[in-house]
Amino acid sequence: MSYYDDIYEWASDNYGLITTAQARELGIAKQELSKLTARGKLTHVGRGVFRIKHYIPTPLDLYADAVALVGTESFIADESVLAMHGLALVNPDRVFVGTTKRTRRKLPDYIEIVQVPSCLEPTVYEGVPSMSVADAIRRCRGRVMPERLQEAVQDAAEQGLIRRKDVKSLVEELA
């Protein structure tokens, strides 16, 4: 198998993305990623992040890109979690990415870093690391209309994004 085959196998399950760190784990040097980019097999997304050329875009690519660009231990946060799931009629102009670590990377303007407490346990929705929907709803109080958040709780419960036992406590917190 060639380097590209290894990359393709990895990236096809990861929104077409591969980072230099992931490539290193596969035994592929950073220089090989540069060569594949020059040959047109990869596209440079941002610092240390590449996408395979033959990838069919999805609505979640923006979120997967944002997390990959910020780095390990980052995840989608706050209003972006609600937008990702179509909840509370939110449409933030940036993608909020939560992290507990300080980030000094130069990032695109559409990404905003949000410092989150280390007690928040991230989860994964459709392969994208994310804050839980329940935590996102709690953190959006005061920034999103209460009626929309209450509706988001019901919609999220129907979609199976919030456990039934958490619905009651969330409704009480939002009242």
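See above for the structure.
On a predicted model such as this, the values are computed, not experimentally measured, just so you know. (Residues numbered from 1 in each chain as written. Predicted model: local features only at pLDDT ≥ 70, side-chain atom pairs only at ≥ 80, totals over all residues. Heavy atoms only, no water.)

Student: Residues and numbers for the overall build of the chain, please.
Tutor: Helix and strand counts for the chain stand at 8 helices and 8 strands. Considering only C-alpha atoms, the chain reaches an extent of 55 × 30 × 25 Å along its principal axes. When each of the 175 residues of the chain is scored for burial, the buried share is 46%. Expressed as a percentage of contacts within the chain between residues at least 6 apart in sequence, the contacts between residues at least 24 apart total 53%. When the accessible area of the chain is evaluated, it comes to approximately 10,000 Å², of which 49% is carbon and sulfur surface. For the chain, the separation between the mean place of its 23 positive charges and that of its 24 negative charges on side chains is 7 Å. (Helix = DSSP H or I, 4+ residues; strand = E, 2+ residues; numbered from the N terminus. Buried < 20%, exposed > 50% of the residue type's maximum accessible area, 1.4 Å probe, protein only. Contact = heavy atoms within 4.5 Å. Areas by Shrake-Rupley, 256 points an atom, 1.4 Å probe, with all protein chains shown as cover. Lys, Arg positive; Asp, Glu negative; His and termini not counted. Charge placed at Lys NZ, Arg CZ, Asp CG, Glu CD.)

Student: So what's going on with the sheet that holds strand β2 (residues 42-46)? Which residues, and what values?
Tutor: Here 3 strands make up an open sheet; going across it, the order is β1-β3-β2 and the pairing antiparallel. Of all strands in the sheet, those with a lone pairing partner are β1 (17-19) and β2, marking the two edges. Direction aside, the axes of adjacent strands within the sheet are offset by 35 degrees on average. Direction of pairing for β1 relative to strand β3 (residues 49-52): antiparallel, over a ladder of 3 bridges. In the sheet register, L17 faces β3, and the bridge partner there is R51. On top of the sheet, helix α3 (residues 30-38) reaches β2 and β3; it is set at about 115 degrees to β2, its chief contact. (Pairing = 2+ DSSP bridges. Axes fitted to C-alpha atoms, helices over the stretch in contact; angles between N-to-C directions.)

Student: Could you give an account of a positive patch on the surface, naming the residues involved and the relevant values?
Tutor: A cluster of basic side chains, namely R24, K30, R47, K101 and R105, defines a positive patch on the protein surface. With respect to the helices and strands, the residue R47 is situated in the loop between β2 and β3. (Patch = residues over 30% accessible without salt bridge, like charges linked within 9 Å, V, L, I, M, F, W, Y side chains within 5 Å. Salt bridge = Lys/Arg side-chain N within 4 Å of Asp/Glu carboxyl O.)

Student: Lay out helix α4 (residues 61-70) with the relevant residues and their values.
Tutor: Burial analysis of α4 places 9 of its 10 residues in the buried class, which makes it a mostly covered element. Residues of α4 that are buried: D61, Y63, A64, D65, A66, V67, A68, L69 and V70.

Student: Any chance you could break down unusual backbone geometry for me, citing the residues and the numbers?
Tutor: One non-glycine residue, D78, adopts positive backbone phi at about 50 degrees. Within the fold, D78 resides in the loop between β4 (75-76) and α5 (79-84). For D78, a relative accessible area of 2% corresponds to the buried category. Residues other than glycine seldom take positive phi values, yet L89 does so here, at roughly 50 degrees.

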